[in-house]
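Coordinates in review
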Number of protein chains: 2
Amino acid sequence: MSDTRTNAGIDNISSYRKMHVLADGPDRLIMCLSAGNLSMTQHVLGQLAEGLEPKAAGDHRRMIADQPSMFRAVQLVGEAVTHADAEIGAGLRAAEINGGVSLLVGGRIGGGPIRLFLVYDAGNFIECLPESPFLQIGERKYGKPILDRTMNYDTELEEAVKVGLLSFDSTIRSNLSVGLPIDIVVIPANASRPVIRRRIEADDPYFQNLSVRWSMMLNEARATIPDPPFMRMG
Amino acid sequence: MSDTRTNAGIDNISSYRKMHVLADGPDRLIMCLSAGNLSMTQHVLGQLAEGLEPKAAGDHRRMIADQPSMFRAVQLVGEAVTHADAEIGAGLRAAEINGGVSLLVGGRIGGGPIRLFLVYDAGNFIECLPESPFLQIGERKYGKPILDRTMNYDTELEEAVKVGLLSFDSTIRSNLSVGLPIDIVVIPANASRPVIRRRIEADDPYFQNLSVRWSMMLNEARATIPDPPFMRMG
């Protein structure tokens with residue numbers, strides 16, 4: 001799940017898709033979500049689309065579509081991040097522009113398990129595992145409490161998507177740099193269930209309803225908690 | 001309201017009061033809350049306790065207790081921050097230690113209004129005004145959504161303290177660097193109401209109850225929101 005707001009300063013806000021298809025074929029679906037410097041992100045994606053330099057002369061360029069496992073696919077993404085930094089990182093640092101980028105890379109190859117990774121701007125990465133069954137990048141703190149409270153490895157997909165939207169709703173309210181539309185891709189572990197792709201626009205009735213109801217119920221919940229006893233002032 | 005957890009790395013966590021009395025006399029009560037580098041904070045507080053250098057030879061050292069207005073008191077705090085940076089900032093930067101500090105300074109002098117300021121690490125400051133009736137420093141993002149949703153200029157003090165505790169509860173759940181006890185000072189605008197000072201310890205029954213109830217009600221609220229319609233998979 002990703003929002004679409006990009007800014008180069010508060011007076012330069014625009015809408016960019018942050019969810020990208022790295023590979024979509026009969027044997028694989030690999031998605032990438034990006035946060036951080038937009039030029040760096042596009043550099044990484046451009047490089048992955050063209051393929052990375054072959055390791056030996058005469059070999060094919062190295063493509064995500066040819067990687068035999070998710071681990072190898074993510075390694076290639078990490079390598080593309082390292083290359084992008086080598087090519088444009090110094091220029092950005094000289095201009096005192098934050099060139100940091102972080103990526104979520106998730107999907108499945110062949111009959112393998114779905115795997116989700118977070119790639120850091122040094123090209124290193126970690127995998128999402130059952131103990132901490134979600135990963136966030138970008139403006140993540142506002143929306144983290146609701147995820148911490150509710151997400152666990154056994155959370156149903158439907159519930160997880162709903163909670164993800166609640167998390168975005170909180171973030172959107174508190175931070176101008178995050179905004180609708182929200183892109184969603186759901187890849188069920190059960191390969192016989194269809195992949196779901198959805199864009200939630202600003203006028204989406206489900207999201208509007210979710211946002212209003214959540215706000216109302218938070219207010220009701222808050223009202224039922226008694227005032228602090230030490231505040232009973234004479 | 002401030003927590004008490006300080007860390008110098010994840011393996012070096014300790015408890016320090018972050019709420020400090022700058023002046024407490026018949027004509028004034030001025031509190032200061034701190035976030036950021038602890039040595040910098042203590043340098044600022046130490047300097048304010050001793051008084052800043054007089055502007056002219058033979059004058060008294062400049063004390064918070066002698067300032068005629070909150071504005072002048074906060075200016076003195078800002079000056080102390082600038083001095084602390086001049087004395088130890090370069091050393092911290094050379095060691096690549098973040099010496100940043102931010103302070104909330106609030107209170108009242110004489111019959112003047114209560115005023116609350118946020119002092120940044122360059123010594124500059126802004127005042128809390130009715131349009132945005134709260135200020136946060138430190139690890140502020142996790143707890144901001146609940147404040148954004150509920151706090152306005154007309155919020156009753158009792159309610160504001162309750163919501164402040166809910167904000168800390170969310171932050172404590174999501175971030176190890178924030179923890180109980182929580183210190184609270186409430187200065188009512190109506191000077192005939194008493195000032196309230198309270199420390200919420202880890203075993204405080206009101207806070208425990210608030211935390212459990214809030215968690216339970218959030219779960220109930222979440223459960224009543226329908227699943228996303230696009231998630232109805234065949």
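All figures in this text were calculated on a predicted structure; none of them were measured in a lab.

Moving on: the interface of chain A and chain B. Between chain A and chain B, the contact holds 48 residues from the first and 48 residues from the second. Between chain A and chain B the total buried area reaches about 4,700 Å² when both faces are included, carbon and sulfur atoms providing 67% of it. The largest share of the area that chain A buries against chain B comes from Arg 149, Arg 222 and Phe 230 of chain A, three residues that together contribute 18% of it. The tally of links between chain A and chain B comes to six salt bridges. With a shortest N-O distance of 2.7 Å, Glu 139 of chain B and Lys 141 of chain A are connected by a salt bridge. Among the elements of the structure, α3 (144-150), α4 (157-174), β8 (182-186), β9 (196-200) and α5 (205-224) of chain A are those that each provide at least two residues to the side of chain A that touches chain B. With 12 residues, α5 of chain A is the largest single contributor of residues to the side of chain A that touches chain B.

Here the focus is the sheet that holds strand β4 (residues 28-36) of chain A. Residues and elements named next belong to chain A. As summarised here, the arrangement of the five strands in space is β3-β4-β5-β6-β7, forming an open sheet in which the pairing is antiparallel. A single partner strand is all that each edge strand has here, and the edge strands are β3 (19-25) and β7 (125-127). Neighbouring strand axes in the sheet, compared pairwise and without regard to direction, differ in orientation by 20° on average. As paired strands, β4 and strand β5 (residues 101-109) are joined by nine bridges and run antiparallel to one another. Residue Ser 34 lies in a different strand from β5, and its bridge partner there is Leu 103.

Reading fine detail from the predicted coordinates is not recommended where pLDDT is low. With 99% of its residues at a pLDDT of 70 or more, chain A has an overall mean of 94. Mean pLDDT per element in chain A: strand β2 (residues 13-15) of chain A is the minimum at 82, and strand β6 (residues 115-119) of chain A is the maximum at 98.

It is worth spelling out the environment of Leu 92 of chain A at this point. All names here are of chain A. Relative to the helices and strands, Leu 92 is located in helix α2 (residues 70-94). For the pair Leu 92 and Ser 39, spaced 53 residues apart in sequence, the C-alpha separation works out to 9.9 Å. What Leu 92 contacts, discounting residues up to four positions off in sequence, is Asn 37, Met 40, Ile 97 and Gly 99.

Residues and elements named next belong to chain B. Within strand β8 (residues 182-186), five of the five residues are buried, which leaves the element mostly enclosed by the surrounding structure. Burial along β8 is two-sided: Ile 182, Ile 184 and Val 186 facing one way and Asp 183 and Val 185 facing the other are all buried. Where β8 meets strand β9 (residues 196-200), five bridges bridge the pair, whose relative direction is antiparallel. Among the inter-strand pairings, Asp 183 is bridged to a residue of β9, identified as Arg 199.

Residues and elements named next belong to chain A. Scanning all chains against the criterion turns up 34 salt bridges over all chains. Residue Asp 183 pairs with Arg 199 through a salt bridge whose shortest N-O separation is 2.7 Å. Note that Asp 183 is positioned in strand β8 and Arg 199 in strand β9, a separation of 16 residues in sequence. The buried category is assigned to Asp 183, whose relative accessible area is 2%. Judged by its relative accessible area of 32%, Arg 199 falls in the partly exposed class. Residues joined by salt bridges that share partners form a network here, namely Arg 17, Asp 183 and Arg 199.

Below, the discussion takes up empty space enclosed by the protein. Tallying each qualifying case throughout the model produces one cavity of 30 Å³ or more. In this structure, the largest cavity occupies an estimated 190 Å³ of space. Looking at the largest cavity, it is lined by 15 residues, and the ones nearest its centre are Pro 145 and Ser 170 of chain A together with Pro 145, Ser 170 and Leu 218 of chain B. Residues that form the lining of the largest cavity fall into these classes: 10 nonpolar, three polar and two charged.

A few words now on the packing of aromatic side chains. Counted by the stated rule, this structure contains four aromatic pairs over all chains. When the ring of Phe 71 of chain B is compared with that of Phe 125 of chain B, the centres are 5.7 Å apart and the planes differ by 70°; the resulting orientation is edge-to-face. One end of the pair, Phe 71 of chain B, is in helix α2 (residues 70-94); the other, Phe 125 of chain B, is in strand β7 (residues 125-127), and 54 residues separate them in sequence. Residue Phe 71 of chain B is classed as partly exposed on the basis of its relative accessible area of 36%. Between the aromatic rings of Phe 117 of chain B and Phe 125 of chain B, the centroid separation amounts to 5.7 Å while the plane-to-plane angle is 90°, which identifies the pairing as edge-to-face. Exposure remark for Phe 117 of chain B: the relative accessible area of 1% places this residue in the buried category. One aromatic cluster is present, built from ring pairs that chain together Phe 71, Phe 117 and Phe 125 of chain A.

Here we take up the packing of helix α4 (residues 157-174) of chain B against helix α5 (residues 205-224) of chain B. Each pair of packed helices can be summarised by the angle the axes make with each other and by the distance between the axes. Residues and elements named next belong to chain B. For the pair α4 and α5, the least separation of the axes is 10 Å and the interaxial angle reads 70°. By the angle between their axes, α4 is roughly perpendicular relative to α5. Here α4 contributes Lys 162, Leu 165, Leu 166, Asp 169, Ser 170, Ile 172 and Arg 173 to the contact with α5, which in turn contributes Tyr 206, Phe 207, Leu 210, Ser 211, Trp 214 and Ser 215. Residues of the contact of α4 with α5, tallied by class, amount to seven nonpolar, three polar and three charged.

Scoring rules and cut-offs
Numbering of residues begins from 1 in every chain and follows the order in which that chain's sequence is written. A letter from A marks each chain and a number from 1 marks each ligand, given out in the order of writing. Under the rules for a predicted model, residues below a pLDDT of 70 receive no local features and side-chain atom pairs below 80 are neither given nor counted, while totals for whole chains, interfaces and linings still include all residues. With hydrogens and water set aside, each side-chain value is computed from the structure's full complement of heavy atoms. We call two residues in contact whenever any of their non-hydrogen atoms come within 4.5 Å of each other. Summed over both partners, the accessible area lost on bringing two parts together, with a 1.4 Å probe, is the buried area. For salt bridges, the criterion is a side-chain nitrogen of Lys or Arg within 4 Å of an Asp or Glu carboxyl oxygen. Each helix is a run of H or I in the DSSP string that is no shorter than four residues. Each strand is a run of E no shorter than two, and both are numbered from the N terminus. Only when DSSP finds a minimum of two bridges between them are two strands counted as paired. Where helices are involved, their axes are fitted lines through C-alpha atoms of the stretch in contact, as for all axes, and angles between N-to-C directions lie from 0 to 180°. One number per residue, pLDDT, summarises how confident the predictor is, and it ranges from 0 to 100. Under the scheme applied here, a residue whose accessible area is under 20% of the maximum for its type counts as buried, over 50% as exposed, and between as partly exposed, the area being computed with a 1.4 Å probe on protein chains only. Whether a set of points on the 1 Å grid over the protein atoms alone is a cavity depends on a 1.4 Å probe fitting there but being unable to get out, while an open set qualifies as a pocket with protein on both sides within 12 Å along at least five of seven lines; lining residues are those with an atom within 4 Å of a point. Grid points are joined across faces, edges and corners, and a volume is the space filled by probe spheres set on the points. Residue polarity follows a fixed list, in which Ala, Val, Leu, Ile, Met, Phe, Trp, Tyr, Cys and Pro are nonpolar, Asp, Glu, Lys and Arg are charged, and the others, Gly among them, are polar. Two rings belonging to Phe, Tyr or Trp (six-membered ring only in the last case) form a pair when the distance between their centres is within 6.5 Å. Interplanar angles under 30 degrees mark stacking, angles over 60 mark edge-to-face geometry, and anything in between is tilted. Convention used here: angles under 35 degrees read as roughly parallel, angles over 145 as roughly antiparallel, angles from 65 to 115 as roughly perpendicular, and any remaining angle as oblique.

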